[in-house]
Amino acid sequence: MHTPTTRAVTTLFLAGLFPLSAHGQDAAVDAAVDRFAEQIIELRHRIHQNPELGNREFQTAALVAEHLRSLGFDEVTEGVAHTGVVGILRGGLPGDTVAVRADMDALPVTEDTPFSFASTVRTEYLGQEVGVMHACGHDIHTAVQLGVASVLASMREEIPGVVKFIFQPAEEGPPPGEEGGADLMVREGVLDAPRPSAIFGLHALADMDVGTLGYSSGPALAAVDHFTIRIIGRQAHGAYPELGIDPVVMASQAVMALQTIRSRNLPALEPSVVTVGIMRGGTRFNIIPDEMWLEGTVRTYAPEVRDAVERRMDEIVAGITAAGGGSYELVYDRGTPATINDPALAERMAPTLARVVGSDKVRVLDPVMGGEDFAYFANEVPGFFFRLGMVAPGVESGGHHTPTFQADDSSVPVGMRAMSNLLLDYLRSRPTTE
Ligand SMILES: [Zn+2]
Ligand SMILES: [Zn+2]
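Residues numbered from 1 in each chain as written. Chains lettered and ligands numbered in written order. Predicted model: local features only at pLDDT ≥ 70, side-chain atom pairs only at ≥ 80, totals over all residues. Heavy atoms only, no water.

Enquirer: A description of the coordination of the zinc ion (ligand 2) should follow, citing residues and the corresponding values.
Expert: Taken together, the protein ligands of the zinc ion (ligand 2) are C136 (SG), H138 (NE2) and H203 (NE2), with distances of 2.1 to 2.5 Å. Summarised as a motif, the one-chain spacing of the donors to the zinc ion (ligand 2) is C-x1-H-x64-H. Taken as a pair, the zinc ion (ligand 2) and the zinc ion (ligand 1) show a spacing of 3.1 Å, with C136 coordinating each metal. Placement of the pair is C136 in the loop between β6 (128–131) and α3 (138–154) and H203 in strand β8 (residues 199–209), with a sequence separation of 67 residues. (Donors = N, O, S within 2.8 Å, 3.2 Å for Na, K, Ca; no water. Helix = DSSP H or I, 4+ residues; strand = E, 2+ residues; numbered from the N terminus.)

Enquirer: Can you tell me about the coordination of the zinc ion (ligand 1), naming the residues and giving the values?
Expert: Bound to the zinc ion (ligand 1) on the protein side are C136 (SG), E172 (OE) and H401 (NE2), at distances that span 2.0 to 2.3 Å. Written as a sequence motif, the donor residues of the zinc ion (ligand 1) are C-x35-E-x228-H. H401 sits in the partly exposed class, given a relative accessible area of 37%. (Buried < 20%, exposed > 50% of the residue type's maximum accessible area, 1.4 Å probe, protein only.)

Enquirer: Give a description of the packing of aromatic side chains that names residues and reports values.
Expert: Throughout the structure, instances matching the rule amount to eight aromatic pairs. An angle of 50° between the planes, with centres 5.8 Å apart, marks the rings of Y215 and F384 as tilted. Residue Y215 is found in strand β9 (residues 213–215), and its partner F384 is found in strand β19 (residues 383–391); the two are separated by 169 residues along the sequence. For the residue pair Y215 and F384, the accessibility class agrees, reading buried in each case. Here the aromatic rings of F384 and F386 are separated by 6.0 Å at their centres, their planes lie at 25°, and the arrangement is stacked. When its relative accessible area of 0% is taken as the criterion, F386 is described as buried. (Phe/Tyr/Trp six-rings, centres within 6.5 Å; stacked < 30°, edge-to-face > 60°.)

Enquirer: Would you mind going over the sheet that holds strand β15 (residues 291–300) in detail, with residue names and values included?
Expert: The sheet built from four strands is open, its strands ordered β13-β15-β11-β16 with antiparallel pairing. In the strand order of this sheet, the two ends are held by β13 (272–281) and β16 (327–334), each with one partner. Mean inter-strand twist for the sheet, computed between neighbouring axes without regard to direction, equals 15°. Relative to β16, strand β11 (residues 223–232) is paired through eight bridges, and the arrangement is antiparallel. In the strand pairing of β16, I231 is matched with Y328. Against the sheet, helix α5 (residues 247–265) contacts β11, β13 and β15, and its axis sits at roughly 170° relative to β13. The strands touched by helix α6 (residues 303–324) within the sheet are β11, β13, β15 and β16, with β16 carrying the most contacts at an inclination of about 170°. (Pairing = 2+ DSSP bridges. Axes fitted to C-alpha atoms, helices over the stretch in contact; angles between N-to-C directions. Contact = heavy atoms within 4.5 Å.)

Printed below as a string of structure tokens:
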């Protein structure tokens, strides 16, 4: 999640665009949110204080499953895509099926917040001892969704259809060598039987105040790829470069030339990023090493742009290493696809957001180059992913994935109201016959 620029919505929320048949239902949601908010915020504290890394969300999943069972859910399935939990809530009226997703994983970050429920958990990650922290707000997402479960279960007789609650592991990516996250959940059939006709998700946003909601129609978050390049030369004495093939020079040329993909090979208005994050090699100042290692990320939206970056990357490194007399190995790993909000669904649901917080508190967000594996769900069924303001007045939160990231408790009931209303409005707008 990265910081998008925002612009206020002015014209979208014309009265009558989305006629609400029963205003009383909103009051029912509000009353239920008020009733459950305190209990859900306590659960948020427990989740925050006991963060678990991707594919290791054992306690969190147990807490989730226990909560859903206590609400009388029709089905609760654990162990989906390792530690995922899926709950089915059947309403008392006939109708369609809708899904809602929250992610549960934390990050290897050492918490530095004034929260009384701050995490002191430590673990080993990739051979290093690290703190563990909910530094992206997934504790808020999980708590909000548990709250939505409480709200909707309390009014289930009035719900026309079925709500599938998906609690997902490993959104930030599974540990190296493991599978996980939304991709694995979809492959394990989480969207089958019953198949939802739409899916909803939310994400806390570190530069948005509590009480504010944001969304994008169409492109929302970028595709995330990862590449590694091994540039192979021949080792030599630093004083006699003519006896070797210098991979440092070839790698340096490659880093610079890769930036021309964005500036020279792609249209200027087409979003893309090529970042080399690691450049490693050499052992001593007077030795030309035998190889260099480059590693980085590519962010794109359009599939053709993604293809073009991969192709040009290969051509550029091939050309440079051929000219330098060396060779190379490029591994281009396609990760999460772009998250695209279904435009028709976004248009249909935006008035609900405005009703929940007021149209002056809803922001239309520009697409960002961060990624989100909600994309795997939204590629299967129409998806709507929106942002939840999380910064309390007078507080300055650190950015996502930093030790000072501070999502405020008061965002939890706002998220509960927004998501409960979205799911209800969606189901009520659907045909009741199957
Ligand atoms: Zn994150
Ligand atoms: Zn996140």
